Amino acid sequence: MKALATGLFLLAALIYVLTRWWLVGTAPAWVGYVNAAAEAGMVGALADWFAVTALFRRPLGLPIPHTAIIPTRKNALGRNLGDFVGGNFLSEQVVVDKLDRAGIASRAGEWLTDRDNAERATTELAAAARGAVQVLRDEEVRQVLEQVVLRKVVDQPWGPPLGRILGRVLEDGSHRGLVDLVCDRAYEWVRDNYETVSRVVNQRSPSWSPRFFDSMVADRVYSEVLSFAWAVRTDPEHRMRAAVDRFLIEFATDLREDPVTMARADRIKHQILEHPEVRNLLGSAWTTAKRMFLEAAEDPDSELRTRVREGLRSFGGRLASEPELREKVDGWLREAARYVVTHYRSEITTLITDTVERWDASEASDRIELHVGRDLQFIRINGTVVGALAGLAIHTVTHLLL
């Protein structure tokens, strides 16, 4: 394009020289018109060449004021461009109006109802989640769990919450299943450990007691203990069960109201939480949870991905069919957009200004010239043509009037 524009200028210069030489002698009248057009075309070409060149460099290397505009005013142009983008493209009204016309919630709902699209979204979410989890360092996660989870647990008193939970459990009778289990296991233990009971009785009997008498006492004790365990096991209204209920009710009340019991519960809490095995449990729980999550995220047929996929399809169906939900989602998007453009507009436009400032002046000039140079050379071409036409018109009017 530079060669074309320069060639057109040289053509005008050649025509000017030839017609001027012709006019020295005898020449037809029309030659003067051509000469005037060629002369004005050269002037227009030179003027537009100067204007275009002055944008990017100093014409002929001469220090003419207000030339090499882009290299010398690159940073100011970058700031002005950033302000222009921020004021005209990142204004709150423009962004909100664009979101309203886009109908994002409706389009997203229709898109998600398609099974293939829901599968694609699930795959992308799984990939993002895997990346986020893999970036986390296990040791740092353990430290966070210890500092956040354990600290929260340590700071909270255990007595009143445990007392309230135990009180509710006792009120609805949920503890009876556990009592039944304890009674069953106690009976089974007594039934299967006759020798242990006999040995205990024999060890506790006086040394002067005859052996056969000790055996009779052991049998009697075993029979009584077994009968008692059987009675507790089979009778839901047994006094022992009632005694256990009273004990638990009193214990739940003490956990909520008795300072001594609450203090003992807190001491036990500290002993448990300061044990190394509890801290190791947190670390192993994270490792296990991480491994299970990564496996589930990797497997397209896992329960996790299946539930996420169906959840997305269900949510998409609701977006497509429920105007209230669509309006709510669009409202969230509008508020989020308002917040971003209000609080971070300058940071976004800084991307433009900082990028321009980092450019080398000559490199920036060359880069911009390469992008818009073709149109700029058309300016030179048009200047040559328009100048020639203007010169021809001026010459014609001059001859007609004078």
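Every residue gets a number counted from 1 within its own chain, in the order that chain's sequence is written. With the structure being a predicted model, the display of local features is reserved for residues of pLDDT at least 70 and the display and counting of side-chain atom pairs for 80 or more, all residues being used for whole-chain, interface and lining totals. The basis for every side-chain value is the complete set of non-hydrogen atoms in the structure, without hydrogens or water.

A.B. asks: Could you clarify how one ought to interpret helix 7 (residues 115-135) in this entry?
C.D. replies: The α-helix advances 3.6 residues per turn, and as a result positions three or four apart in sequence lie on the same side. Going along the chain from the N terminus, every DSSP run of H or I of four or more residues is numbered as a helix, and every run of E of two or more is numbered as a strand. To estimate how far a helix should reach, multiply one less than its number of residues by 1.5 Å. The terminal C-alpha atoms of helix 7 lie 30 Å apart, and with 21 residues this matches the ideal 30 Å at 1.5 Å per residue to within 8%. Within the sequence span of helix 7, burial applies to Asn 117, Ala 118, Ala 121, Thr 122, Ala 126, Arg 130 and Val 133. Each residue gets one of three labels from its accessible area relative to the maximum for its type: buried under 20%, exposed over 50%, partly exposed in between, using a 1.4 Å probe on protein chains only.

A.B. asks: Would you take a moment to explain the packing of helix 7 against helix 16 (residues 303-321) for this structure?
C.D. replies: Between two packed helices, both the angle of their axes relative to each other and the distance between the axes serve to describe the pair. Axes here refer to lines fitted to C-alpha atoms; in helices the fit is confined to the stretch in contact. Angles between the N-to-C directions go from 0 to 180 degrees. The interhelical angle for the contact between helix 7 and helix 16, taken along N-to-C directions, is 130°, at an axis separation of 9 Å. Here helix 7 is positioned oblique relative to helix 16, judged by the angle of their axes. Judged by the twist between their axes, the crossing of helix 7 over helix 16 is right-handed. The segment helix 7 lies against helix 16, with Arg 115, Ala 118, Glu 119, Ala 121, Thr 122, Thr 123, Leu 125, Ala 126 and Arg 130 engaging Arg 305, Val 308, Arg 309, Glu 310, Leu 312 and Arg 313. Here roughly perpendicular refers to angles of 65 to 115 degrees, roughly parallel to angles under 35, roughly antiparallel to angles over 145, and oblique to all remaining angles. Each crossing is labelled by how the near helix is turned from the far one, with a counterclockwise turn of less than a right angle marking it left-handed and a clockwise turn marking it right-handed. Contacts are assigned to residue pairs with any non-hydrogen atoms lying within 4.5 Å of each other.

A.B. asks: So what exactly am I meant to see when it comes to the side chain of Thr 122 here?
C.D. replies: Along the polypeptide, Thr 122 turns up in helix 7. A relative accessible area of 2% places Thr 122 in the buried class. Think of a polar contact as two N or O atoms within 3.5 Å of one another; within protein, one of them needs to be a possible hydrogen donor and the other a possible acceptor, and neighboring residues in sequence only count if both atoms come from side chains. Within polar-contact distance, the side chain of Thr 122 engages the backbone oxygen of Ala 118 at 2.8 Å. Setting aside chain neighbours within four positions, we find Thr 122 in contact with Arg 305, Val 308, Arg 309 and Leu 312.

A.B. asks: Explain the packing of aromatic side chains to me, please; I cannot follow it from the model alone.
C.D. replies: For any two aromatic rings, the description comes down to two numbers: the centre-to-centre distance and the angle of the planes. A pair of Phe, Tyr and Trp rings is counted when the ring centres sit within 6.5 Å of each other, with Trp represented by its six-membered ring. The angle between the planes then sorts it: under 30 degrees is stacked, over 60 is edge-to-face, the rest tilted. Summed over the entire model, instances satisfying the criterion amount to three aromatic pairs. Considering the side-chain rings of Tyr 187 and Trp 230, the 5.3 Å spacing of their centres and the 55° angle between planes classify their relative orientation as tilted. With Tyr 187 in helix 10 (residues 176-192) and Trp 230 in helix 12 (residues 211-234), the pair connects residues that are 43 residues apart, well separated along the chain. Residue Tyr 187 is classed as buried on the basis of its relative accessible area of 12%. Residue classification places Trp 230 among the partly exposed residues on the basis of a relative accessible area of 43%.

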